[in-house]
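Fold and contact review
Here's the letter readout for the chains.
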Amino acid sequence: MMGLEIKDLYVEVEGKEILKGVSLSIAPGEVHALMGPNGSGKSTLANALLGHPRYKITKGAIFLDGEDITSMAPDERARKGLFLSFQYPQEIPGVTVENFLRTAYNNLHGKIDVVKFNALLKERMSALHIDPAFSRRYLNEGFSGGEKKRMEVLQMTVLNPRFMVLDETDSGLDVDALKVVAQGISAMRDGTHATLIITHFNRILKLVEPDHVHIITAGRIVKSGGKELAHETEEKGYRE
Ligand code: ADP
Ligand code: MG
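Since we're looking at a predicted model, the values are computed, not measured. (Residues numbered from 1 in each chain as written. Chains lettered and ligands numbered in written order. Predicted model: local features only at pLDDT ≥ 70, side-chain atom pairs only at ≥ 80, totals over all residues. Heavy atoms only, no water.)

Observations regarding the packing of helix 3 (residues 97-109) against helix 4 (residues 114-127)
Across the interface, helix 3 lies against helix 4 with an axial gap of 11 Å and an inter-helix angle of 110°. Of the possible angle classes, the one that applies to helix 3 and helix 4 is roughly perpendicular. You can see that helix 3 and helix 4 cross each other, and the crossing is right-handed. Contacts between helix 3 and helix 4 pair Glu98, Leu101, Arg102 and Tyr105 from the former with Val114, Phe117, Asn118, Leu120 and Leu121 from the latter. Broken down by class, the residue content of the contact of helix 3 with helix 4 amounts to six nonpolar, one polar and two charged. (Axes fitted to C-alpha atoms, helices over the stretch in contact; angles between N-to-C directions. Helix = DSSP H or I, 4+ residues; strand = E, 2+ residues; numbered from the N terminus. Parallel < 35°, antiparallel > 145°, perpendicular 65-115°, else oblique. Left-handed = near helix turned anticlockwise from the far one by under 90°. Contact = heavy atoms within 4.5 Å. Nonpolar A, V, L, I, M, F, W, Y, C, P; charged D, E, K, R; others polar.)

Overview of the side chain of His214
With respect to the helices and strands, the residue His214 is situated in strand 11 (residues 212-217). In terms of polar contacts, His214 uses its side chain to reach the side chain of His32, at 2.9 Å. At a separation of 2.7 Å, a polar atom in the side chain of His214 contacts the side chain of Ser224. Residues in contact with His214, not counting those within four places in the same chain, are Leu24, His32, Ala33, Leu34, Met35, Ile221, Lys223 and Ser224. (Polar contact = N/O pair within 3.5 Å; in protein donor to acceptor, adjacent residues only side chain to side chain.)

Quick look at the structure:
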């Protein structure tokens, strides 16, 4: 299958089984939301997708466009087009936003002409209403929370990964930051990206309407449905 496919995934952390058979299929062009209470295993899934060494896959598999990436290293997964928010270093002194993004772009897509890259960067920044001077700042140095979030979304729209997993720290995001994230995801809704939004609350899902919603509880997906499931979940909480 094309897109991101998770098949019967079991994941252990520190010897404890957290995910107990999670299956998800996200076709190109689709946005899925994974919702669940704290401790249900959402970030464990994100980390397992990323290939974090502490999150051990004991059963099941992950596929990108049909290719099994279950045992690939994190950087290899990135080169296959998998993008996770929060995957890059917090602060790199002496490296500008522009240089960082160009290097990341080259690693992912092959070498691009500097003039061409700058045109691309300019266009993406303007789409997100980011001040042009931002590209000359040092990466994350003295960035406010909102600027860090902008940087992440800019990185996402510039790198143009085919598979995106966004593990939101909803509680920390103000409305403006939330809007930037939503804008980035919406701008990339062109039928080519498979997107998974992981969230505890449905605030972001009011700005980006998902095609499918899945509810995870205690390491298992217990319910799947359309966007209305996110709204029901807000009204009823996760009690069932
Ligand atoms: P969520 O993101 O849904 O809040 P997590 O995936 O972070 O849930 O956590 C699920 C369970 O796994 C929790 O019981 C948590 O304590 C445990 N867990 C997650 N990561 C680690 C870790 N690095 N070390 C030990 N336990 C962990
Ligand atoms: Mg989490």
